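Listed below, chain by chain, are the residues.
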Amino acid sequence: EDPSLERHFKGHRDAVTSVDFSRAKKQLASGSMDSCLMIWSMKPQMRAYRFLGHKDAVLCVQFSPSGHLVASGSRDKTVRLWIPSVKGESTVFKAHTGTVRSVHFSSDGQSLVTASDDKTIKVWTVHRQKFLFSLSQHINWVRCARFSPDGRLIVSSSDDKTVKLWDKTSRECIHSFCEHGGFVNHVDFHPSGYCIAAGGTDSTVKLWDVRMNRLLQHYQGNSVVNSLSFHPSGNYLVTASSDSTLKILDLLEGRLLYTLHGHQGPATCVAFSRDGDLFASGGSDEQVMVWKTNFDADDGEVVKPQKYCSSVDGTHGTGSEMDGGIHHKKTKTQDSVRTHEQQEEETSLANTLEHIMGQLDVLTQTVSILEQRLTLTEDKLKECLETQQKIIQNKTN
């Protein structure tokens, strides 16, 4: 069965720039050039929330791993953290001296990485929105920055035509991939953390092994690649292109699987849900579309999220459109030995931790909002006192 259009959301008043699902797939966030962040309910007949706060185009949105926060970055140079509820409260921080193009939470939800036209990548703590450090070796706008699944690495892509790999602890650039022939619009880690995929204005998608720093796969398209997203199994990659299409690549076979036409005008962003059953896309046609993946569910090995990547091994092929022409060796993971009970225990523990993290998120946000209000009150008080002083001085004069 081919991927099929499931839902269609209309409400933005300008091009959609970014989409992301919450963990439980109950909500979908989207950002737009109309300066709004919207949260759509995946339940039918539920209303959407429009969040206002940014003073200019919202270029990136992402749910925190727990789903209790949404981060957004904007052309107004700020980052906002929102509580995705009816009130839509947010805290704002001046993040960069240029447009913020990318926001991404670490998988433990503790850190946030942002990328900007000021040519820097910055890392922040989520709970205090405290600035930790900057990475600055790019010599042009930074379009995208992502944490590796284990949080030890950061990958970034830029208009300087490079993709850079950084060590979060030493804060050093470990490697620069310079094989792109144009601006690199988007980059992301494979779920295994062992390889990365990048796409850009040279109409290619390239996959590199980050342990050996070598090119694994190369897909030649015929239009600018604006965004890409890995299926949680690590076996598929979806891309959004300026020729209005979404393309699904089969990474095990190294070939183009589907080309989907839905948007009128450039497809600007695309993202799989956390379980891979759905993916969402946004376009310059102001529309947000949700697609049902419909990959072969009976072929268990393909769609089951694997803890470790079945090693994607191959040589650089330059086949026809979006065709990698690559041979693969699949290796069984040692992970399948764990017992069912262990897995269940781990899942329930993870869920409990997730819940605690979520509550922490909300607490942090509340404290942060209170701090902001307190600062406002203090400022007002200061103003009042200064006015009083002036009145007294005028009287005595």
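Residues numbered from 1 in each chain as written. Predicted model: local features only at pLDDT ≥ 70, side-chain atom pairs only at ≥ 80, totals over all residues. Heavy atoms only, no water.

The name given to the chain in an unreviewed UniProt entry is POC1 centriolar protein homolog A, and the organism recorded there is Emberiza fucata. Quoted verbatim from the Function (unreviewed entry) heading of the UniProt record, the comment on the chain is "May play an important role in centriole assembly and/or stability and ciliogenesis." Recorded under Sequence similarities (unreviewed entry), the UniProt text for the chain is reproduced unchanged: "Belongs to the WD repeat POC1 family." (UniProt positions renumbered as here; feature names shortened; annotations may be inferred.)

A.B. asks: Hey, could you go over the overall build of the chain for me, with residue numbers and the actual values?
C.D. replies: Counting its secondary structure elements, the chain contains 2 helices and 28 strands. Taking all 397 residues of the chain together, 53% fall into the buried category. By sequence separation, contacts in the chain at least 24 residues apart represent 48% of the contacts at least 6 residues apart. Accessible surface for the chain amounts to roughly 18600 Å². Of this, 52% is attributable to carbon and sulfur atoms. (Helix = DSSP H or I, 4+ residues; strand = E, 2+ residues; numbered from the N terminus. Buried < 20%, exposed > 50% of the residue type's maximum accessible area, 1.4 Å probe, protein only. Contact = heavy atoms within 4.5 Å. Areas by Shrake-Rupley, 256 points an atom, 1.4 Å probe, with all protein chains shown as cover.)

A.B. asks: Describe the sheet that holds strand β24 (residues 245–250), and please don't skip the residues or the numbers.
C.D. replies: Ordered by their spatial adjacency, 4 strands build an open sheet running β22-β23-β24-β25, and the pairing between neighbours is antiparallel. Among the strands making up the open sheet, the edge pair consists of β22 (225–230) and β25 (255–261). Across this sheet, the average inter-strand angle for adjacent strands is 20 degrees, counted without regard to direction. (Pairing = 2+ DSSP bridges. Axes fitted to C-alpha atoms, helices over the stretch in contact; angles between N-to-C directions.)

A.B. asks: Please give an account of the sheet that holds strand β21 (residues 214–220) that cites residues and values.
C.D. replies: Strand order in the open sheet formed by 4 strands is β18-β19-β20-β21, with antiparallel pairing between adjacent strands. Only two strands of the sheet have a single partner each, and these edge strands are β18 (184–189) and β21. The mean inter-strand angle of the sheet, taken between neighbouring strand axes irrespective of direction, is 20 degrees. In the sheet, strand β19 (residues 195–200) pairs with strand β20 (residues 204–209) via 5 bridges, with the strands oriented antiparallel. Paired with Ala-198 across the bridge in β20 is Lys-206.

A.B. asks: Go over the packing of aromatic side chains with me, naming the residues and quoting the values.
C.D. replies: Evaluated as defined, the whole model comprises 9 aromatic pairs. Between the aromatic rings of Phe-9 and Trp-40, the centroid separation amounts to 4.9 Å while the plane-to-plane angle is 20 degrees, which identifies the pairing as stacked. You can see Phe-9 sitting in strand β1 (residues 4–10) and its partner Trp-40 sitting in strand β4 (residues 37–41), a full 31 residues away along the chain. The class of Trp-40 is buried, set by a relative accessible area of 4%. Among the aromatic residues, those joined into a cluster by ring pairs are Tyr-49, Phe-51 and Trp-82. The ring of Phe-131 has Lys-122 sitting right over it, with the charged end atom 5.4 Å from the ring centre. Of note, Arg-211 hangs over the ring of Tyr-194, and the distance from its end group to the ring centre comes to 4.0 Å. (Phe/Tyr/Trp six-rings, centres within 6.5 Å; stacked < 30°, edge-to-face > 60°. Lys NZ or Arg CZ within 6 Å of the ring centre and 35° of its normal.)

A.B. asks: Which residues make up the state of the cysteines, and what values do they have?
C.D. replies: Evaluation of the coordinates by the stated rule reveals 0 disulfides. Here Cys-60 stays free of any disulfide, with the sulfur of Cys-144 as its closest cysteine sulfur at 9.1 Å. With a relative accessible area of 5%, Cys-60 lands in the buried category. (Disulfide = S-S within 2.5 Å.)

A.B. asks: Residue-level account of the pattern of salt bridges, with values.
C.D. replies: Inspection of every chain in the model, using the stated rule, returns 10 salt bridges. The shortest N-O distance in the salt bridge between Arg-143 and Asp-159 comes to 2.8 Å. Remark: Asp-159 occurs in the loop between β15 (153–158) and β16 (163–167) and Arg-143 occurs in strand β14 (residues 142–147); sequence separation between them is 16 residues. Its relative accessible area of 6% is what places Asp-159 among the buried residues. A salt bridge links Asp-243 to Lys-247, with the shortest nitrogen-to-oxygen separation between them at 3.6 Å. Residue class for Asp-243 comes out partly exposed when judged on its relative accessible area of 29%. With relative accessibility at 3%, the residue Lys-247 sits in the buried group. Three or more residues are tied together by salt bridges with common partners; here these are Lys-25, Asp-275 and Asp-277. (Salt bridge = Lys/Arg side-chain N within 4 Å of Asp/Glu carboxyl O.)

A.B. asks: Give a detailed account of the environment of Lys-94, specifying residues and quantitative values.
C.D. replies: Looking at the element boundaries, Lys-94 is found in strand β9 (residues 90–94). The class for Lys-94 is exposed, based on a relative accessible area of 58%. Distance from Lys-94 to Thr-78, taken between C-alpha atoms, is 4.6 Å for residues 16 residues apart in sequence. When near neighbours in sequence (up to four residues on either side) are disregarded, Lys-94 contacts Lys-77, Thr-78 and Trp-124. A polar atom in the side chain of Lys-94 sits 2.8 Å from the backbone oxygen of His-96. (Polar contact = N/O pair within 3.5 Å; in protein donor to acceptor, adjacent residues only side chain to side chain.)

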